[in-house]
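What the coordinates show
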Amino acid sequence: MAVRCEQVRLAGYTTLRLGGPARCFVEATTDDELIDAVRRADRDGEPVLVLGGGSNLVVADEGFPGTVVHVATRGVTTGSTGSGDGRVLVRARAGEEWDPFVARCVEEGLSGVECLSGVPGLLGATPIQNVGAYGQDVSETIVEVRAYDRERGEVVVLDRAACRFGYRGSAFKGADRHVVLEVTFALENDDLSAPIRYAELARTLGVDPGARVPLRDAREAVLGLRRGKGMVLDPADPDTRSAGSFFTNPILDPDQVADLEKRVADRLGPDAAFPRYPEPDGRTKTSAAWLIDKAGFTKGYGRGPVRISTKHTLALTNADGGRTEDLLALAREVRDGVHAAFGVTLVNEPVFVGVGL
């Protein structure tokens, strides 16, 4: 376990390239090192930040006044479920990079995560955020999460129900009780993708929604779509210097939908329509990107050294060496502008450390 207690800048560990120094920085390469670092900090009353790939993190310019534990554990194993259902259990350590993990699954003919290709960050963060894209999310295939329980001081195993997955959320999000050590997925032993649900992806593949395609075709189509939106990390592309989608898609109750209908008609005309996606509980999901654009914040809109991506209105980028406060000022402007125009309050998707909207 490497411990560095000088001022290690966290900007180098986040995809936004933002964030001040950590008071103490620990690199943990095994589960025991990871647990020991967190346990010692807890014993000493020290604030702890468990850091993965930094792809969904907004860190204060002042940094973090405690111990940052960087997860660098590795290891992937596969085995049968033993149930004869053709599924394969894949266990992976939290420090594995997510997209190479997806690529490996595709190459081995394991179906269920292919539409999550190109998502940056480490595997251990995926259950926390219930990472999803292009009609697929990890809660569909995760069967258990092994974690260190800081309250009980022991390693525990949480099944899918205990993870309490929801839209871009879980029992882990917004709480720091559990430190994810390992995630187990149950994937189909099949060279064909899961049914394609996302209309844009189906159009790109030239199939009807619900069709299945070769795993490699699904992966390449998703990567192409993500690159077109600046959502695949590329050092040469400033649009990828982001935390991905900065706001979640709003989910509205019937009264909120009615209010939005009126506001859209008043602002854009009686024939204007906004995107609608019915939810199982009777609510309606709409598009944050559409709301942002129609509120006047178009692609490339800037505020000082930060801007909205030139490829996708949901991504806020640090294109010109800005500060976290610059990014937050732009985020507040967008949030407040959307609320003024449409009465909908956007909620940030990235995790904030030492800052808030």
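Structure first, text after, so check above.
A brief structural summary.

Here Arg335 shows up in helix H9 (residues 324-342). Residue class for Arg335 comes out buried when judged on its relative accessible area of 18%.

Once that is clear, we can look at the pattern of salt bridges. In total, this model carries 32 salt bridges according to the counting rule given. The partner of Glu200 in a salt bridge is Lys229, with the nearest N and O atoms 2.9 Å apart. With Glu200 in helix H5 (residues 199-205) and Lys229 in the loop between helix H6 (215-228) and strand E15 (251-252), this residue pair connects regions lying 29 residues apart in the sequence. A residue is classified by how much of its surface remains accessible, and Glu200, at 22% relative accessible area, is partly exposed. When salt bridges that share partners are traced, they join Asp31, Arg93, Arg146 and Glu182 into one network.

Turning to the packing of helix H2 (residues 98-107) against H6, a few remarks are in order. In helix packing, the relevant descriptors are the interaxial angle and the interaxial distance, both defined with respect to the helix axes. With their axes 9 Å apart at the nearest point, H2 and H6 run at an angle of 155 degrees to one another. Regarding the angle of H2 to H6, the classification is roughly antiparallel. Regarding H2 and H6, the two cross each other, and that crossing is left-handed. Mapping the contact onto sequence places Asp99, Val102, Ala103, Val106 and Glu107 in H2 and Leu215, Arg216 and Arg219 in H6. When its residues are assigned to classes, the contact of H2 with H6 shows 4 nonpolar, no polar and 4 charged.

Definitions and cut-offs
- Residues numbered from 1 in each chain as written.
- Predicted model: local features only at pLDDT ≥ 70, side-chain atom pairs only at ≥ 80, totals over all residues.
- Heavy atoms only, no water.
- Helix = DSSP H or I, 4+ residues; strand = E, 2+ residues; numbered from the N terminus.
- Buried < 20%, exposed > 50% of the residue type's maximum accessible area, 1.4 Å probe, protein only.
- Salt bridge = Lys/Arg side-chain N within 4 Å of Asp/Glu carboxyl O.
- Axes fitted to C-alpha atoms, helices over the stretch in contact; angles between N-to-C directions.
- Parallel < 35°, antiparallel > 145°, perpendicular 65-115°, else oblique.
- Left-handed = near helix turned anticlockwise from the far one by under 90°.
- Contact = heavy atoms within 4.5 Å.
- Nonpolar A, V, L, I, M, F, W, Y, C, P; charged D, E, K, R; others polar.

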